[in-house]
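Structural description and commentary
Now for the letters of each chain:
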Amino acid sequence: MRAFKGFWHDLTCLGYQFREDRVNRTSEANCCQNGFHCAENPLDCLSYYWDWKNSVYYEVDASGDLDEDGRDSKISCTELRLVRRLTLEQLLLEGAAYMVAHPIRRWNSRVHKETGLAYDGFAVVRGKDPKASGKVGDILVILKEEAESPEIEEVALFRIDRKTYQPDRYYGVCGTCLEGRQR
């Protein structure tokens, strides 16, 4: 099963040293107690490894015995293979792709509805007329829903660079500045 996982920079998680060059194995999988944990929704990784500057994120293949807890998209498995390392930008794009594929599933707590200010380097905003703002270097991910449904019709990712995208201004999914400076 395709999933996503956060680690500390040294590829450890709860004392286990993961390896990129093999399938990592453990004996039991129970979301509340043991196993290797990962998430179907990439953004859920930020709930467990929120300090993205000191964490690394991977697309993983979860297999063996699988267990889910229903709280979010967390999965526990007995076999985990690291497929590819993701930058924060790639993780956010994967999160946007997840919302496009599953528009009615529960939103991650880091997703803002309609309007959002970047916090800790990024903002993910979703809605009928979404807009986001940030400081220099922040990543803005904007998802526009269809007028009469939660289906997503447009997705955009911008980085506030002071050239094309100015800090402290709101941008919509088309990349146009929607209004003046934040109040």
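Just so it is clear, the model here is predicted, and its values are computed rather than measured. All chains use their own residue numbering, which begins from 1 and follows the written sequence. Predicted model: local features are reported for residues with pLDDT of at least 70 only, side-chain atom pairs are reported and counted for 80 or more only, and whole-chain, interface and lining totals are derived from all residues. Remark: hydrogens and water are excluded; side-chain values derive from all non-hydrogen atoms of the structure.

This part covers the overall build of the protein chain. Helix and strand assignments come from DSSP, with helices taken as H or I runs of at least 4 residues and strands as E runs of at least 2, each series counted from the N terminus. The number of helices and strands found in the protein chain is 2 helices and 13 strands. Here the C-alpha coordinates of the protein chain stretch approximately 55 × 35 × 25 Å along the principal axes. Only protein chains enter the accessibility calculation, which uses a 1.4 Å probe; a residue whose area is less than 20% of its type maximum is buried, one above 50% is exposed, and one in between is partly exposed. When the 183 residues of the protein chain are sorted by exposure, 46% land in the buried category. Considering only residue pairs separated by 6 or more positions, the protein chain has 53% of its internal contacts joining residues 24 or more positions apart. Accessible surface computed for the protein chain: about 9,500 Å², of which carbon and sulfur atoms make up 47%. Note on contacts: a residue pair qualifies if any of its non-hydrogen atoms lie within 4.5 Å across the two residues. Using a 1.4 Å probe, accessible areas were evaluated by the Shrake-Rupley method; residue-level cover was limited to the displayed protein chains.

The backbone of Leu14 sits at a positive phi, close to 50°, despite the residue not being glycine. Note on placement: Leu14 falls in the loop between strand E2 (12-13) and strand E3 (16-17). Despite not being glycine, Arg162 has its phi angle at roughly 70°, a positive value. Structurally, Arg162 is set in the loop between strand E11 (152-159) and strand E12 (169-171).

All right, on to the packing of aromatic side chains then. Stacked, tilted and edge-to-face are the three classes assigned to paired rings of Phe, Tyr and Trp, where Trp is represented by its six-membered ring and a pair needs centres within 6.5 Å; plane angles under 30 degrees give stacked, over 60 edge-to-face, the rest tilted. Taken as a whole and assessed by the stated rule, the structure comprises 8 aromatic pairs. Measuring from centroid to centroid gives 4.8 Å for Tyr16 and Phe36, while their planes differ by 55°, and the two rings are tilted. Of this pair, Tyr16 sits in strand E3 while Phe36 sits in strand E5 (residues 36-39), and the two are 20 residues apart along the sequence. Among the residues examined, Tyr16 registers a relative accessible area of 26% and is labelled partly exposed. Look at Tyr165 and Tyr171: their rings are 5.3 Å apart centre to centre, the planes differ by 85°, and that puts the pair in the edge-to-face class.

Nonpolar cores were defined as sets of buried Ala, Val, Leu, Ile, Met, Phe, Trp, Tyr and Cys residues, with membership established by side-chain atoms within 4.5 Å. Core analysis: the largest hydrophobic core is formed by 34 residues, its most contacted members being Phe7, Phe18, Leu80, Leu92 and Val124. Of all the secondary-structure elements, those providing two or more residues to this core are strand E1 (2-8), E5, helix H1 (45-48), strand E6 (55-68), strand E7 (74-86), helix H2 (88-101), strand E9 (122-133) and strand E10 (139-145). The contacts of Leu92, once residues within four sequence positions are left out, are Leu43, Leu46, Phe122, Val124, Ile139 and Val141. Grouped together as the second largest cluster of nonpolar side chains are 11 residues, Ala123, Ala156, Tyr165 and Tyr171 included.

Let us now look at the pattern of salt bridges. Any carboxyl oxygen of Asp or Glu within 4 Å of a side-chain nitrogen of Lys or Arg constitutes a salt bridge here. With the rule as written, the count across this model stands at 12 salt bridges. Arg2 is the salt-bridge partner of Glu94, the closest N and O atoms lying 2.8 Å from each other. You can see Glu94 sitting in helix H2 and its partner Arg2 sitting in strand E1, a full 92 residues away along the chain. By relative accessible area, which is 13% here, Glu94 ends up buried. Of the charged contacts, one joins Asp120 and Lys53 as a salt bridge, the two residues approaching to 4.0 Å between their closest N and O atoms. On the criterion of sequence distance, the pair formed by Asp120 in the loop between strand E8 (111-117) and E9 and Lys53 in the loop between H1 and E6 is long-range, its members being 67 residues apart. Where salt bridges share partners, they join Arg2, Glu59, Arg84 and Glu94 into one cluster.

It is worth spelling out a negative patch on the surface at this point. Taken together, the side chains of Glu146, Glu151, Glu153 and Glu154 make up a negatively charged region of the molecular surface. Tracing the chain through its elements places Glu153 in strand E11. Nonpolar side chains (Val, Leu, Ile, Met, Phe, Trp, Tyr) are joined into patches within 5 Å and like charges within 9 Å, using only residues with over 30% relative accessible area and no salt bridge. Residues counted as positive are Lys and Arg, residues counted as negative are Asp and Glu, and His and the chain ends are not counted. All charge positions are set by atom: Lys at NZ, Arg at CZ, Asp at CG, Glu at CD.

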